[in-house]
Amino acid sequence: MKNLDVIVIGAGAAGLMCAIEAGNRGRSVMVIDHADQPAEKIRISGGGRCNFTNLHAKPENYISQNKRFCVSALKRYTQHDFIALVDRYNIDWHEKTLGQLFCDESAFQIIDMLLNECDDVDVDIKLSTSIKEIEAAPEGGYFVTSLSGARWHCQSLVVACGGLSIPKIGATGFGYQIARQFGLEIIPTRAALVPLTFDPDTRADLGQMAGISVDAVVAHQKTRFREGLLFTHRGLSGPSILQISSYWREAETIQINLNPEQDAFDLLKSAKEETPKQMVHNVLSRMLPNRLAQYITAKHGLERPIGETGDKALRKLASDVNQWQIAPQGSEGYRTAEVTLGGVDTRELSSQTMESRKAPGLYFIGEVVDVTGHLGGFNFQWAWSSGWCAGQVV
Ligand code: FDA
């Protein structure tokens, strides 16, 4: 049986960052992952260019039962610290929009950087290794046994298994299972940053809009996001919808402003006075893609000149542009979700070190914890920050 200072379960963003920091402190570190490649999520992130952080990352960009939990870690290892690391590797990057930083070339550059850092401090990365059992050692620390019978002892065990999204590339609920084994509470999980779907009737009706995208404001109660919205064959997607999906719950309605720049009623009213012979859908297509304008007009039965249309009908039409209310039926679930809401209850962990209060030497970092970022590089920043904090003490 081999003795190590630290075992990290999960060679993803958080696990690798933690391993690098612990290795830097001279600790012997082994990272175990059941996948045959490390950091698969980094590879597929940001459309292959990895949106590795956000210039404006702050606690308000995170959802958690305890909104204050992420404050300390985000302050101690900031987006600027990660940017400095990326710059040290001469990885070119650009701000795409809203502070979101992407590699100019490829997400592989971030993976190579992390692996190189691990290599520099002799982190041992064991891939294709599934864990059979974890036990607390009577003399302190933990025993980890692999399916193939290898057995290790470590003083610190770091759980960095991520969440449930995209099982196809290795996501499992193993991190939650370990938490439960040691008596830690879990905040119920759900798919987040995920496209929303319509019921079959709405799908049949609105499916014809698939492919149309608009700049929209999407709101759920007091939370609103202004970003792109995309009609799909199954429902709605695009950044604004992914963002609101983290707040929406089944049977609830979301409100969509399909043209935040213009007051649709004002525009329709002035067109009625200035160009009364113009067809309603032609007026509407000044503020919406033509196909969408035609659909909404037909839905209201207003296929006629605007001069022959009463203000009441125009007001109703306008409200479907600026205040469209829609109740999605569901979401596409973990199959396509970018992240998992919920996870290990932060009340169980130290916000300084990520160590479990109930099980000394057991740490939880990254997405497995009940801290979920908005879309835009915030989730990786949480992985870097929480991984870094644990790496200082394990
Ligand atoms: P992560 O999921 O990265 O790593 C967990 C590791 O644990 C994996 O390597 C997995 O194989 C391993 N593991 C799981 N179960 C195991 C088991 N039983 N035994 C052993 N190993 C196990 N975020 C962002 O900020 N910017 C972006 O551009 C994107 N883009 C993006 C695209 C897509 C398609 C997805 C699905 C997600 C994103 N994200 C993102 C979210 C981001 O990828 C995610 O929040 C982080 O990868 C979380 O990092 P972790 O290290 O916590 O988990």
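Per an unreviewed UniProt entry, the protein chain is named Membrane protein, and its organism is Thalassospira mesophila. Listed in UniProt under the heading Cofactor (unreviewed entry), the comment for the protein chain reads: "FAD".

A. Quick look at the overall build of the protein chain. A tally of helices and strands in the protein chain yields 13 helices and 21 strands. Summarising its shape, the C-alpha atoms of the protein chain cover approximately 85 × 40 × 35 Å along the three principal directions. For the protein chain, the share of sequence-separated contacts (at least 6 apart) that also reach a separation of at least 24 residues comes to 71%. Taken as a whole, the protein chain presents about 16,700 Å² of accessible surface, with 47% of it coming from carbon and sulfur. One finds the centroid of the 39 positive side-chain charges in the protein chain at a distance of 6 Å from the centroid of its 45 negative side-chain charges.

B. Region of the structure containing the UniProt feature "domain: RsdA/BaiN/AoA(So)-like Rossmann fold-like" (unreviewed entry) in the protein chain. Per the UniProt record, "domain: RsdA/BaiN/AoA(So)-like Rossmann fold-like" (unreviewed entry) is found at residues 5-392. Helix makes up 31% of residues 5-392 and strand 24%, with an end-to-end C-alpha separation of 13 Å.

C. Fine view of a negative patch on the surface. On the surface, Asp 87, Asp 92, Asp 104 and Glu 105 cluster together to form a negatively charged patch. Residue position: Asp 87 is located in helix α4 (residues 79-88).

D. View of unusual backbone geometry. Phi is positive for Ile 166, close to 60°, though the residue is something other than glycine. Looking at the element boundaries, Ile 166 is found in the loop between β10 (151-159) and α6 (174-181). The phi dihedral of Ala 251 is positive, around 75°, even though this residue is not glycine. Note on placement: Ala 251 falls in the loop between α8 (239-245) and β16 (254-257). Relative accessible area serves as the criterion here: at 75%, Ala 251 is assigned to the exposed category.

E. Seen up close, the packing of helix α1 (residues 13-24) against helix α5 (residues 108-120). Two elements in contact, α1 and α5, have axes whose closest approach is 8 Å; the angle formed by their N-to-C orientations is 30°. When the interaxial angle is binned, α1 and α5 end up roughly parallel. Handedness of the α1/α5 crossing: left-handed. Here Leu 16, Ala 19 and Ile 20 of α1 come into contact with α5, specifically with Leu 114, Leu 115, Glu 117 and Cys 118. When its residues are assigned to classes, the contact of α1 with α5 shows six nonpolar, no polar and one charged.

F. Representation of the site of the ligand within the structure. What surrounds the ligand is a group of 31 residues, the closest being Asp 33, Asn 51, Thr 172, Glu 367 and Phe 380. Between Ala 13 and the ligand, the recorded distance is 3.1 Å, taken from a backbone N or O atom to an oxygen atom. Here an oxygen atom of the ligand and a backbone polar atom of Gly 46 are 3.2 Å apart. Taken together, the elements giving at least two residues each to the shell around the ligand come down to α1, α2 (40-44) and α13 (378-391). Broken down by element, the shell around the ligand gets its largest block of residues, four residues, from α13. Partitioned by chemical class, the residues of the shell around the ligand number 15 nonpolar, 12 polar and four charged.

G. Main features of the packing of aromatic side chains. Taken as a whole, this structure holds nine aromatic pairs when the rule is applied. Centroid distance Tyr 142 to Phe 182: 5.5 Å. Interplanar angle 85°. Geometry classified as edge-to-face. Taken together, the positions of Tyr 142 in strand β9 (residues 142-146) and Phe 182 in the loop between α6 and β11 (186-192) put the pair 40 residues apart, joining distant regions of the chain. The exposure classification of Tyr 142 matches that of Phe 182, with both residues buried. Residue placement shows Lys 96 over the ring face of Phe 102; its charged tip is 4.8 Å from the ring centre.

H. Looking closely at the domain arrangement of the protein chain. As far as domains go, the protein chain holds domain 1 (2-190 + 340-391) and domain 2 (195-331). The distance between the C-alpha centroids of domain 1 and domain 2 comes to 40 Å. Contact with domain 1, which involves seven residues of that partner, is made by 10 residues of domain 2. In total, domain 1 and domain 2 occlude about 740 Å² of area from one another, counting both sides; carbon and sulfur atoms represent 54% of this. The largest contributions to the domain 1 side of the interface with domain 2 come from Arg 190, His 374 and Leu 375, which together make up 64% of the buried area. There are one salt bridge connecting domain 1 and domain 2. When the shortest N-O distance is used, the salt bridge between Glu 250 and Arg 190 registers 3.1 Å. Applying the counting criterion to the domain 1 and domain 2 interface returns four residue pairs in polar contact (both at pLDDT 80 or more). Its residues assigned to classes, the side of domain 1 that touches domain 2 shows four nonpolar, two polar and one charged.

I. Spotlight on the pattern of salt bridges. Summed over all chains, the structure comprises 16 salt bridges. The partner of Arg 27 in a salt bridge is Asp 5, and the shortest N-O contact between them spans 3.9 Å. Pair noted here: Arg 27 is in the loop between α1 and β2 (29-32) and Asp 5 is in strand β1 (residues 2-9), with a separation of 22 residues, a long-range link. Residue class for Asp 5 comes out buried when judged on its relative accessible area of 17%. Each of the salt bridges in this network shares a partner with another, and the network as a whole consists of Lys 269, Lys 272, Glu 273 and Asp 311.

Rules used in this analysis
As a convention, each chain's residues are numbered from 1 in the sequence order in which they are written. Since the coordinates come from a predicted model, pLDDT governs what is reported: local features require at least 70, and pairs of side-chain atoms require 80 or more to be given and counted, while whole-chain, interface and lining totals use all residues. Side-chain metrics in this entry use all non-hydrogen atoms of the structure; hydrogen atoms and water are not considered. UniProt positions are given in the numbering used here, feature names are shortened, and annotations may be inferred rather than shown by experiment. Every helix listed is a DSSP run of H or I at least four residues long, and every strand listed is a run of E at least two residues long, numbered separately from the N terminus. For this analysis, residues touch if any pair of their heavy atoms sits within 4.5 Å. The protein chains shown are the only cover counted for residues, whose accessible areas, like all others here, come from Shrake-Rupley with a 1.4 Å probe. Positive charge is attributed to Lys and Arg, negative charge to Asp and Glu, and no charge count is given to His or to the chain ends. By convention, the point assigned to a charge is CZ for Arg, NZ for Lys, CD for Glu and CG for Asp. What goes into a patch is any residue over 30% in relative accessible area without a salt bridge, connected to like charges within 9 Å or, for nonpolar side chains (Val, Leu, Ile, Met, Phe, Trp, Tyr), within 5 Å. The salt bridge definition used is simple: a Lys or Arg side-chain nitrogen within 4 Å of an Asp or Glu carboxyl oxygen. Burial classification: accessible surface area is computed with a 1.4 Å probe over protein chains only, and a residue below 20% of its type maximum counts as buried, one above 50% as exposed, and the rest as partly exposed. Lines are fitted to the C-alpha atoms to define the axes, a helix being fitted only along its stretch in contact, and any angle between axes, read from their N-to-C directions, falls within 0 to 180 degrees. Orientation categories follow fixed angle ranges, with anything under 35 degrees roughly parallel, anything over 145 roughly antiparallel, 65 to 115 roughly perpendicular, and all other angles oblique. Crossings are sorted by hand: turned counterclockwise from the far helix by less than a right angle, the near helix makes the crossing left-handed, and turned clockwise it makes it right-handed. As a working rule, the residues Ala, Val, Leu, Ile, Met, Phe, Trp, Tyr, Cys and Pro are called nonpolar, Asp, Glu, Lys and Arg charged, and the rest polar, with Gly in that last group. Consider each residue's heavy atoms; a residue with any of them within 4 Å of a molecule or strand counts as near. Identification of polar contacts relies on pairs of N or O atoms within 3.5 Å, with a donor-acceptor requirement for protein atoms, meaning one able to donate a hydrogen and the other able to accept it, and with residues adjacent in sequence counted only if both atoms are side-chain atoms. Working definition: a ring pair exists when centres of Phe, Tyr or Trp rings (six-membered ring for Trp) sit within 6.5 Å. Plane angles under 30 degrees give stacked, over 60 give edge-to-face, the rest tilted. Working rule: Lys NZ or Arg CZ, within 6 Å of ring centre, within 35 degrees of ring normal, means a charge sits over the ring. Note: domain ranges come from an automatic or database domain assignment. Put simply, buried area is the surface a 1.4 Å probe can reach on two separate parts but cannot reach once they are joined, added for both.

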